[in-house]
Amino acid sequence: MKINAEETGIVPTMINAASKAKIEVHTLRRNISVLEGSGGNIAVLTGEDGKLVIDAGFTVSKPRIAPALKSLSADPITRLINTHWHVDHTDGNAWLHAAGAAITAHENTKKRLSTSTRVDDWSYTFPPAPPEARPTTTFRDVHRFHHNDTTLTLEYYGPAHTDTDISVAFEEADVIHVGDTWWNGFYPFIDYSTGGGIDGMIRATKRNLSAVTDKTIIIPGHGRVGNKAGLSEYCDMLVAIRGNVSKLKKQGKSLAETIAAKPTAAYDAKWGQFLMTPALFTKLVYSGV
Ligand SMILES: [Zn+2]
């Protein structure tokens, strides 16, 4: 399905899709599963300390997410981690908190969720999240703790997709959630309104590559769960398109001329079929070079 995000508005499009989507549950390794279908991919760690959930999806999906979580185990929900502040990863914070989750995120996620925030490329202004939906545990660089016999390492990327992005590694299981630094199979959105940029995205992707092995299970923010080979292909795509767009911009081409020159053409069939069309993605890269 090809969506013209400029005509329909990305936020209503995402909420509408989530309101209809089935929630798919996949068990990955040990006691770790992923729920797909409501905004960003949701990871779940089950066990006697209670369920730990990474990202909250959209509230409209609660009637399908709640039973999907129940189907994994009878453990109560005790913790929620947000990979970044975006609505498709934090909209469900309030109900998950009401269900028992204490919320952890980067300090900038709390900052972004505590004020009214405009995302220009989505033509959308988000009101502050209600106080109960904001993180109560925050950190700046690295945050490590144990839960359900698992060592969790949360690490800040620095500015990447936004200025709030973290990775969450399940150390013993060799599984990592990399949030929206990776859209598996799609051009990624880059949120310049809240501190993101193409160079930060490439930097984050290279860090992800250096942090994983061929055996690591990698949960992207969007798209299917993947591996190092897929992440590597994504990295090559980002670097190549950045190079093409930068060359055109240096030649003095305007944004319209750069889009017309189709600097993403070699990649569109594979990566350009979701929210970020070739023209939109070209614009996002052009803004950052
Ligand atoms: Zn995002």
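Reference entry: report on the structure contained in this document. (Residues numbered from 1 in each chain as written. Predicted model: local features only at pLDDT ≥ 70, side-chain atom pairs only at ≥ 80, totals over all residues. Heavy atoms only, no water.)

### Describing the packing of helix H7 (residues 198–211) against helix H8 (residues 228–250)
Selection rule: Angles shown run from 0 to 180 degrees and are taken between the N-to-C directions of axes, each axis being a line fitted to C-alpha atoms and, for helices, limited to the stretch in contact. The helix count covers DSSP runs of H or I at least four residues long, the strand count covers runs of E at least two residues long, and both are numbered beginning at the N terminus. For classification purposes, angles smaller than 35 degrees are called roughly parallel, those larger than 145 roughly antiparallel, those between 65 and 115 roughly perpendicular, and all remaining angles oblique. The handedness criterion is simple: a crossing whose near helix is rotated anticlockwise from the far helix by less than a right angle is left-handed, and one whose near helix is rotated clockwise is right-handed. Note on definitions: a residue-residue contact is assigned when non-hydrogen atoms from the two residues lie within 4.5 Å. Polar here means any residue outside two lists: the nonpolar Ala, Val, Leu, Ile, Met, Phe, Trp, Tyr, Cys and Pro, and the charged Asp, Glu, Lys and Arg; Gly therefore counts as polar.
In contact at an axis separation of 10 Å, H7 and H8 are set at 155 degrees when each is read in the N-to-C sense. What the angle tells us is that H7 and H8 run roughly antiparallel. Crossing angle aside, the handedness with which H7 passes H8 is left-handed. Together, Ile198, Asp199, Met201, Ile202, Thr205, Lys206, Asn208 and Leu209 of H7 and Lys228, Leu231, Ser232, Tyr234, Cys235, Leu238, Val239 and Arg242 of H8 make up the contact between the two elements. Its residues placed into classes, the contact of H7 with H8 shows nine nonpolar, three polar and four charged.

### Thoughts on the sheet that holds strand E10 (residues 142–147)
Quick note on the threshold: We call two strands paired when DSSP finds no fewer than two bridges between them.
Strands sit in the order E10-E11-E12-E13-E15 across an open sheet of five strands; the sheet is mixed. Both edges of this open sheet fall to E10 and strand E15 (217–219), since each of them pairs with a single strand only. The average undirected angle you get between the axes of adjacent strands in this sheet is 15 degrees. By the bridge criterion, six bridges tie E10 to strand E11 (residues 150–156) in an arrangement that is antiparallel. Across the sheet, histidine 143 pairs through a bridge with leucine 154, a residue of E11.

### Describing the nonpolar core
Short version of the rule: Nonpolar cores are built from buried Ala, Val, Leu, Ile, Met, Phe, Trp, Tyr and Cys residues. Side-chain atoms within 4.5 Å join them into one set. Each residue is assigned to one of three classes by its accessible area relative to the maximum for its type, calculated with a 1.4 Å probe on protein chains only: buried under 20%, partly exposed between the two thresholds, exposed over 50%.
In this structure, Met14, Trp122, Tyr234, Met237, Met276 and Phe281 are the most contacted members of the largest nonpolar core, which totals 45 residues. Secondary-structure elements contributing two or more residues to this core are helix H2 (10–20), H7, H8 and helix H11 (278–286). Residue contributions to this core peak at seven residues, all from H8. Ile32, Phe139, Leu154 and Tyr156 belong to the second largest nonpolar core, which has 19 residues in total.

Coordinates in, geometry out; function isn't part of it.
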